[in-house]
Amino acid sequence: MNKQWLQKNLNGDPVLWGIVIVFSLISVAVVYSATGTLAYKKMEGNTEYFLFKHSFLIFVGLAFMWAAHKINYRYYSKLSLLALLLSAPLLIITYFYGSNINEASRWITIPVINQTFQPSDLAKLALISYLASMLSKRQQVLHDLRGTLLPIFGWTVAICALIAMTNTSTAVLLFGTCMLLMFIGRVPVKYLAAVVAVGIVVGGIGLAVGQRMDTAISRMQDFMDPNEVPFQLEQSYIAIATGGVVGKGPGNSDQRDILPHPYSDFIYSIILEEYGLIGGVTVLFLYLALLYRGLVTVSKSNGAFGGLLSAGLSFSLVLQGMVNMAVAVGLGPITGLPLPLLSMGGTSLIFTGISIGIILSVSRNESELERAAMATVTVNSPVNTAVNA
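Residues numbered from 1 in each chain as written. Predicted model: local features only at pLDDT ≥ 70, side-chain atom pairs only at ≥ 80, totals over all residues. Heavy atoms only, no water.

Novice: Teacher, can you tell me more about the overall build of the protein here?
Specialist: For the protein, the count of helices and strands is 14 helices and three strands. Counting all 389 residues of the protein, 50% fall into the buried class. A sequence separation of at least 24 residues applies to 73% of the contacts in the protein between residues at least 6 apart. Looking at the protein as shown, the accessible area adds up to about 18800 Å², and 67% of this sits on carbon and sulfur atoms. (Helix = DSSP H or I, 4+ residues; strand = E, 2+ residues; numbered from the N terminus. Buried < 20%, exposed > 50% of the residue type's maximum accessible area, 1.4 Å probe, protein only. Contact = heavy atoms within 4.5 Å. Areas by Shrake-Rupley, 256 points an atom, 1.4 Å probe, with all protein chains shown as cover.)

Here it is as structure tokens:
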């Protein structure tokens, strides 16, 4: 009965489902450890406060993932432009009237429920879906600059520039993902080079008029200067060095009380401290496995839209994870990017769940088509034809 229920309700790639469940369990354990002291101080000794809150948000994210995977992925093509049209004004509103946290207005507080919402998460999902839709529909006219390429390039540059006004790292990562998706979608390289040039100029303007110019310059200078180690990175190094190969054990982190944002931006440092090199490599392997399963879905997709959509979302999630882990070990300038599926968060968990749900939707629909084709072959086989005769 349980097996039948799983087969009926959890469709798509079973390996991808398993990867997400493992990530969720790791996330609960590490966030609980990373927030224990913070919860004790802020919640009058209630050390389980963030454990229950984060577990609930993971459950909500999984629920959104389940709902997204039940919807035929082709509907997301129709919703993508509408979501983009909604995202652009939301990003502008956020810049002028958003909640200012850590010197950046990236969040809008939703009335009544009093929860923050990050419009850049919606914009990322909308832009990738829109590009996948446009590229799949216009495969035969990709050299049409006015009718095909200008709308694609225009939306990409505009959305990334708007995000750059408050969140440089997210804008750069999204722009890179879009370029990769266009390359896969067979956009001529000469046009891609032009978009990169325009994107650098327009993105630079967005950065200059936005809120993060000084921060971005400072972080790049710190990264380029071998004699300058920012406080966050110094504490991350200590966490990694003291973790060794096997780690200090779950809940035994010392740097969680010193390292800024150990439950989000630098959660990978806590993983390395408590679970050691073994735990860090395991997490890295899980992200590579997620990318591999996403690309398997791409290879099995019969339609261009499903393949491009799955590829874009897979690259977006895994590239963000790689950048976060690179920052923790000193291989990149400090950013404010959370570690997908692991960091504590609200809307980031929900939109990550939706993204994976869409990949699962592509996988589910292709599997259903494959089963239907096999059933047709079986019914029309010579043996069955003879029996029926």
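The structure having been displayed, the exposition proceeds.
Novice: What's the story with the environment of Asn252 in this structure? I'm lost.
Specialist: Relative to the helices and strands, Asn252 is located in the loop between helix H10 (231-243) and helix H11 (267-300). As for Asn252 and Ser33, which are separated by 219 residues in sequence, their C-alpha atoms are 7.8 Å apart.

Novice: Teacher, can you tell me more about the packing of aromatic side chains here?
Specialist: Aromatic ring pairs are described here by two measures, namely the spacing of the ring centres and the angle between the planes. All told, the structure shown has seven aromatic pairs when counted by the stated rule. Plain terms: the ring middles of Tyr73 and Phe305 are 5.9 Å apart, the flat faces sit at 25° to each other, and that makes the pair stacked. Taken together, the residues span a long stretch of sequence, with Tyr73 in the loop between helix H3 (49-70) and helix H4 (75-97) and Phe305 in helix H12 (residues 304-328) at a distance of 232 residues. Across the pair, exposure class does not vary: Tyr73 and Phe305 are buried alike. For the ring pair Tyr95 and Phe96, a centre distance of 4.9 Å and an interplane angle of 80° mean the geometry is edge-to-face. (Phe/Tyr/Trp six-rings, centres within 6.5 Å; stacked < 30°, edge-to-face > 60°.)

Novice: Please explain the pattern of salt bridges as it appears in this structure.
Specialist: Pairs can form between side chains of opposite charge once their charged atoms are near each other. A complete count under the given rule lists four salt bridges for this structure. The shortest N-O distance in the salt bridge between Arg293 and Asp13 comes to 2.7 Å. Of this pair, Arg293 sits in helix H11 while Asp13 sits in the loop between helix H1 (2-9) and helix H2 (14-42); the two residues are 280 residues apart in sequence, bridging distant segments of the chain. There is no split in this pair, since Arg293 and Asp13 are both buried. Among the ionic pairs, Asp121 bridges to Lys124, the shortest N-O distance being 4.0 Å. You can see Asp121 and its partner Lys124 sitting in helix H5 (residues 119-137), three residues apart, about one turn around the helix. Pair check on accessibility: Asp121 and Lys124 agree, each one buried. By sharing partners, the salt bridges in this structure join Lys248, Asp254 and Glu273 into a single network. (Salt bridge = Lys/Arg side-chain N within 4 Å of Asp/Glu carboxyl O.)

Novice: Explain a nonpolar patch on the surface to me, please; I cannot follow it from the model alone.
Specialist: Taken together, the side chains of Val245, Val246, Leu277, Ile278 and Val281 define a hydrophobic patch exposed on the protein surface, amounting to about 470 Å² of accessible area. Tracing the sequence through the fold places Val246 in the loop between H10 and H11. (Patch = residues over 30% accessible without salt bridge, like charges linked within 9 Å, V, L, I, M, F, W, Y side chains within 5 Å.)

Novice: How do you make sense of the packing of helix H6 (residues 145-164) against helix H7 (residues 168-184) when you look at a structure like this?
Specialist: If you want to describe how two helices pack, look at the angle between their axes and the distance between the axes. With their axes 7 Å apart at the nearest point, H6 and H7 run at an angle of 165° to one another. Overall, the two elements H6 and H7 adopt an arrangement that is roughly antiparallel. Crossing of H6 against H7: the hand is right-handed. Within the contact between the two elements, H6 uses Ile152, Phe153, Thr156, Val157, Ile159, Cys160, Ile163 and Ala164 and H7 uses Thr168, Thr170, Ala171, Leu174, Phe175, Cys178, Met179 and Met182. The residue makeup of the contact of H6 with H7, split by class, is 13 nonpolar, three polar and no charged. (Axes fitted to C-alpha atoms, helices over the stretch in contact; angles between N-to-C directions. Parallel < 35°, antiparallel > 145°, perpendicular 65-115°, else oblique. Left-handed = near helix turned anticlockwise from the far one by under 90°. Nonpolar A, V, L, I, M, F, W, Y, C, P; charged D, E, K, R; others polar.)

Novice: I keep staring at the packing of H2 against H11 and nothing clicks. Help me out?
Specialist: Interhelical geometry of H2 versus H11 gives an angle of 160° and a closest axis separation of 11 Å. In terms of their interaxial angle, H2 and H11 are classed as roughly antiparallel. By crossing handedness, the relation of H2 to H11 is classed as left-handed. Contact with H2, carried on its side by Val15, Leu16, Ile19, Val22, Phe23, Ile26, Ala29, Val30, Val31 and Ser33, involves Ile267, Ile270, Ile271, Glu274, Tyr275, Val283, Leu286, Tyr287, Ala289, Leu290 and Arg293 of H11 and no other residues of that element.

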